[in-house]
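Here's the letter readout for the chains.
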Amino acid sequence: MNRIENRLYESSLLSVLILMSFAVFAAAGNPPVQPTRAGTGTFDRYLLFENSDFEMGDLTNWTATGNAFDFQPTRGDNPTARKRMQPSKHQGEFWVGTYEKYQGAAGQRPGQTQGDRPTGTLTSIPFEVVGDSITFLVGGNNSQESGYVALVVEGKEVLKGNGKRSETMERHVWDVSAYKGKTAQIVINDQSSMSWGHINADDFRYDSPVRPTASGAREELKIAGPGPLFENSDFEMGDLTNWTATGNAFDFQPTKGDNPTARKRMQPSKHQGEFWVGTYEKYQGEAGQRPGQTQGDRPTGTLTSIPFEVVGDRITFLAGGNNNQESEYVALVVEGKEVLKGSGKRSETMERHVWDVSAYKGKTAQIVISDHSSMSWGHINADDFRFE
């Protein structure tokens, strides 16, 4: 069976499983529960539908018209790769950007573009609205006529969102409580070939978990796949929910935005989303603080996650700061032992690390972020802990 046939077979099998699960829930008088890809407590409890965050690396569950989406989803921070000085601030690895032409395929290069000329639409599968709020990232054009994201209910565009003429995506939140129980679709529109005739979008999800855990009244269809290790393993709640700090290094964490760039450090953080951990930083977006503000290298301490079950083969995360795996590092702790470590390269810019955790599947683990130095480069940057 070749790759395409295998993909079609898997998609068909998944569709059968979904239909069977819907039938069971309907018979029991319960509303349908949408399928998830990952184990209990992971990010997939938030997704609108499978691949609403584009992390499958393709357009599964989306339908394109025109040619704007021919090279989508794109991979990585391509605006930064071409020195655009407007980081995409996507989540994960993949996102939609109709100016982009890089998917990580052979013969392509990071930052490559197709320009503003292509046009088209990208429409999601229908899904039931089961949460009160939908959140997503959007950038690019600022026109709600030619470049925008829309929620479509009963054939009508009921909500819209667009960029601010910047490649950098910002988080939008829609109140969808009026549409709960109705069937909806997401439509991403690029109808302009003029300057800024493109749209960036990513990470469509509910802002709180909408599906029960396996111990709840309804059973999840669990299919292992990518997603955060636990709620707030990406720090996007803007606080340290599900993390415990010691010492004082994490007093002003997580930090908000690209603070190294704000102080003209020439080493962009390359964080995902809005929030990340950087023990040199002191800016959280609060009144009286200023972007780029620092607390320096003097504070020390640790940040330890809640226990979580290892349900994937790989854990991926961003790390920067010091390159010392004795004093500033990220560790995976299993049964009280640090089994894997990662650190920076003496740069504020974080790079993606991947741990093979297949040997620990089914076991309980924790993430520990350590900062034990007050010397030069005595700080650690970290973000976006997830199963690959």
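## Some words on the packing of aromatic side chains
- Applying the stated criterion across every chain, the model contains 14 aromatic pairs.
- Ring centres of Phe49 and Phe127 lie 5.6 Å apart, and the angle between their planes is 40°; this geometry places the pair in the tilted category. You can see Phe49 sitting in the loop between helix H1 (3-27) and strand E1 (62-66) and its partner Phe127 sitting in strand E5 (residues 127-128), a full 78 residues away along the chain. Across the pair, exposure class does not vary: Phe49 and Phe127 are buried alike.

## What about the confidence of the model for the protein?
- When pLDDT is averaged across the protein, the result is 86; 85% of the residues are at 70 or more.
- Here residues 1-43 is modelled with pLDDT under 50, and outside its nearest four sequence neighbours on either side it reaches 76 contacts, counting other chains as well.
- When the criterion is pLDDT under 50, residues 213-224 qualifies, and its contacts beyond four places in sequence or with other chains add up to 35 contacts.

## Things to note about the nonpolar core
- Within the largest apolar cluster, 29 residues are counted, with the highest numbers of intra-cluster contacts made by Phe308, Leu332, Ile367, Ile369 and Phe385.
- Looking at this core, the elements that each hand over two or more residues are strand E15 (275-278), strand E18 (314-321), strand E19 (328-334), strand E22 (364-371) and strand E23 (380-387).
- The biggest single contributor to this core is E23, with 4 residues.
- Formed by 27 residues, the second largest nonpolar core is a distinct cluster that contains Leu122, Phe127, Leu151 and Ile199.

## Brief notes about the sheet that holds strand E3 (residues 94-97)
- If you trace the 5 strands from one edge of the open sheet to the other, you get E2-E3-E11-E6-E9, paired in antiparallel fashion. A strand with exactly one partner marks an edge of an open sheet, and here the two such strands are strand E2 (74-75) and strand E9 (166-175).
- Bridge count between E2 and E3: 2 bridges; the pairing is antiparallel. Across the sheet, residue Arg75 finds its bridge partner in E3, namely Phe94.

## Here we look at unusual backbone geometry
- For the bond from Gln72 to Pro73, the omega torsion is -5°, close enough to zero to count as cis.
- The residue Pro73 is located in the loop between E1 and E2 in this model.
- Residues Gln253 and Pro254 are joined by a peptide bond in cis, for which omega reads -5°.
- Position of Pro254 among the secondary structure elements: in the loop between strand E13 (243-247) and strand E14 (255-256).
- Backbone geometry places Trp196, a non-glycine residue, at a positive phi of 65°.

Rules and cut-offs
Residues numbered from 1 in each chain as written. Predicted model: local features only at pLDDT ≥ 70, side-chain atom pairs only at ≥ 80, totals over all residues. Heavy atoms only, no water. Phe/Tyr/Trp six-rings, centres within 6.5 Å; stacked < 30°, edge-to-face > 60°. Helix = DSSP H or I, 4+ residues; strand = E, 2+ residues; numbered from the N terminus. Buried < 20%, exposed > 50% of the residue type's maximum accessible area, 1.4 Å probe, protein only. pLDDT = per-residue confidence, 0-100. Contact = heavy atoms within 4.5 Å. Core = buried A, V, L, I, M, F, W, Y, C linked by side-chain atoms within 4.5 Å. Pairing = 2+ DSSP bridges.

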